[in-house]
Amino acid sequence: MPGARRTVDGYLRAPFPWYGLDEAFTGPRWLMQVALAADDTVQHGSVGHGDEPSIRPEAPGGTAERERFAVVVSIPANPVRRSGDGTGVLEATSVSSAAWLAGSGLLSFTWPAQMDHVLRGEWLDQQTETAWELADDLAGPDWSTLSLPVDGEPTEFHYRESEFGWILAGSARSGVHLGAYGRGLSAYGLGFSVVKDIASYE
């Protein structure tokens with residue numbers, strides 16, 4: 001969530017490159033947060049572009065129609081990940097991992113405005129489970145394919161739209177899986193590239 005954004009320090013510790021929208025996007029850019037393993041290594045993180053999103057209100061006249069944003073998630077491609085204490089291994093990362101992070105990220109800014117907090121928790125659990133199932137079936141009918149440039153090279157992404165926004169997931173040649181989500185900005189016109197100076201997002 002934007003209110004819990006980290007400083008640039010965590011991003012600088014990552015052993016993999018960060019990705020964002022390419023130079024064709026001229027709007028605001030902002031840091032979100034990084035996820036750390038038990039041994040404090042950076043596992044993945046996100047950067048934002050455009051309007052900083054709020055929870056999407058369903059009521060007429062809400063802010064959702066005015067918000068235009070895209071968030072890019074970077075997660076290193078690892079066939080095997082060691083656990084933080086070195087005693088085992090964790091599930092390998094994949095394009096499905098990026099799709100899951102993007103789907104759950106979009107949900108974090110979304111819930112029906114008239115829903116109370118108890119029902120919201122149940123709704124979020126249900127939607128999160130659905131997002132996981134969809135991410136685990138990228139070849140399924142809920143996904144289409146979309147070719148977008150990554151570092152100037154045409155790259156195939158898995159693409160899905162929902163009532164809450166859109167989700168993308170694919171891989172860069174640099175060994176990083178990319179997830180993206182947003183609303184208000186068309187996914188069809190986006191391009192991605194390595195962030196040359198992550199401090200510029202601060």
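Residues numbered from 1 in each chain as written. Predicted model: local features only at pLDDT ≥ 70, side-chain atom pairs only at ≥ 80, totals over all residues. Heavy atoms only, no water.

1. Some details on the packing of aromatic side chains
- Counted by the stated rule, this structure contains four aromatic pairs.
- Taking the centre distance of 5.3 Å and the plane angle of 35° together, the rings of Phe-157 and Phe-192 count as tilted. With Phe-157 in strand β8 (residues 153–162) and Phe-192 in strand β11 (residues 192–194), the pair connects residues that are 35 residues apart, well separated along the chain.
- Judged by its relative accessible area of 1%, Phe-157 is buried.
- One aromatic cluster in this structure is built from Tyr-11, Phe-16 and Trp-18.
- Just above the ring of Trp-143 sits the side chain of Arg-160; from NZ or CZ to the centre is 5.3 Å. (Phe/Tyr/Trp six-rings, centres within 6.5 Å; stacked < 30°, edge-to-face > 60°. Helix = DSSP H or I, 4+ residues; strand = E, 2+ residues; numbered from the N terminus. Buried < 20%, exposed > 50% of the residue type's maximum accessible area, 1.4 Å probe, protein only. Lys NZ or Arg CZ within 6 Å of the ring centre and 35° of its normal.)

2. Focus: the pattern of salt bridges
- Following the criterion strictly, the structure yields two salt bridges and no others.
- For Glu-67, the salt bridge goes to Arg-183, with nearest N and O atoms at 3.1 Å. Of this pair, Glu-67 sits in the loop between β3 (42–50) and β4 (69–76) while Arg-183 sits in strand β10 (residues 176–183); the two residues are 116 residues apart in sequence, bridging distant segments of the chain.
- By relative accessible area, which is 7% here, Glu-67 ends up buried.
- Given the relative accessible area of 7%, Arg-183 is considered buried. (Salt bridge = Lys/Arg side-chain N within 4 Å of Asp/Glu carboxyl O.)

3. Some thoughts on the nonpolar core
- In this structure, Trp-18, Leu-168, Tyr-181, Phe-192 and Ile-198 are the most contacted members of the largest nonpolar core, which totals 55 residues.
- Broken down by element, this core gets its largest block of residues, seven residues, from helix α2 (residues 95–107).
- Those residues in contact with Ile-198 that sit more than four places away from it in its chain are Val-8, Tyr-11, Leu-12, Trp-18, Leu-31 and Val-47. (Core = buried A, V, L, I, M, F, W, Y, C linked by side-chain atoms within 4.5 Å. Contact = heavy atoms within 4.5 Å.)

4. Thoughts on a negative patch on the surface
- A surface patch of like charges, here negative, comprises Glu-129, Glu-133, Asp-136, Asp-137 and Asp-142.
- Relative to the helices and strands, Asp-137 is located in the loop between α3 (117–135) and β7 (144–150). (Patch = residues over 30% accessible without salt bridge, like charges linked within 9 Å, V, L, I, M, F, W, Y side chains within 5 Å. Areas by Shrake-Rupley, 256 points an atom, 1.4 Å probe, with all protein chains shown as cover. Lys, Arg positive; Asp, Glu negative; His and termini not counted. Charge placed at Lys NZ, Arg CZ, Asp CG, Glu CD.)

5. So, the environment of Val-176
- Note that Val-176 resides in strand β10.
- Put simply, Val-176 and Pro-17 are 159 residues apart on the chain and 7.5 Å apart in space, counted from C-alpha to C-alpha.
- Setting aside residues up to four positions removed in sequence, Val-176 forms contacts with Phe-16, Pro-17, Tyr-19, Ser-74, Ile-75, Pro-76, Ala-77 and Ser-171.

6. Re the environment of Pro-141
- With respect to the element layout, Pro-141 can be found in the loop between α3 and β7.
- With 19 residues separating them along the chain, Pro-141 and Arg-160 place their C-alpha atoms 9.8 Å apart.

7. Some points on the confidence of the model for the protein
- This prediction gives the protein a mean pLDDT of 83; 80% of its residues lie at or above 70.
- This stretch, residues 1–5, has a pLDDT under 50; its non-local contacts, to residues over four places away or in other chains, come to 13 contacts.
- For residues 57–64, every residue scores under 50 in pLDDT, and the model assigns this stretch 13 contacts once sequence neighbours within four places are set aside. (pLDDT = per-residue confidence, 0-100.)

8. Quick word on the side chain of Arg-160
- Secondary-structure assignment places Arg-160 in strand β8.
- This buried residue, Arg-160, is left without a salt bridge; Asp-142 holds the nearest opposite charge, at 6.6 Å.
- Leaving out residues up to four positions away in the same chain, Arg-160 has contacts with Leu-134, Asp-142, Trp-143, Gly-165, Trp-166 and Ile-167.

9. Let's talk about the pairing of strand β9 (residues 165–171)
- With six of seven residues buried, β9 lies mostly within the body of the structure.
- With five bridges joining them, β8 and β9 adopt antiparallel strand pairing. Across the sheet, residue Ser-162 finds its bridge partner in β9, namely Gly-165.
- Pairing geometry for β9 and β10, over six bridges, is antiparallel. When the bridges of β10 are listed, Gly-170 appears paired with Leu-178. (Pairing = 2+ DSSP bridges.)

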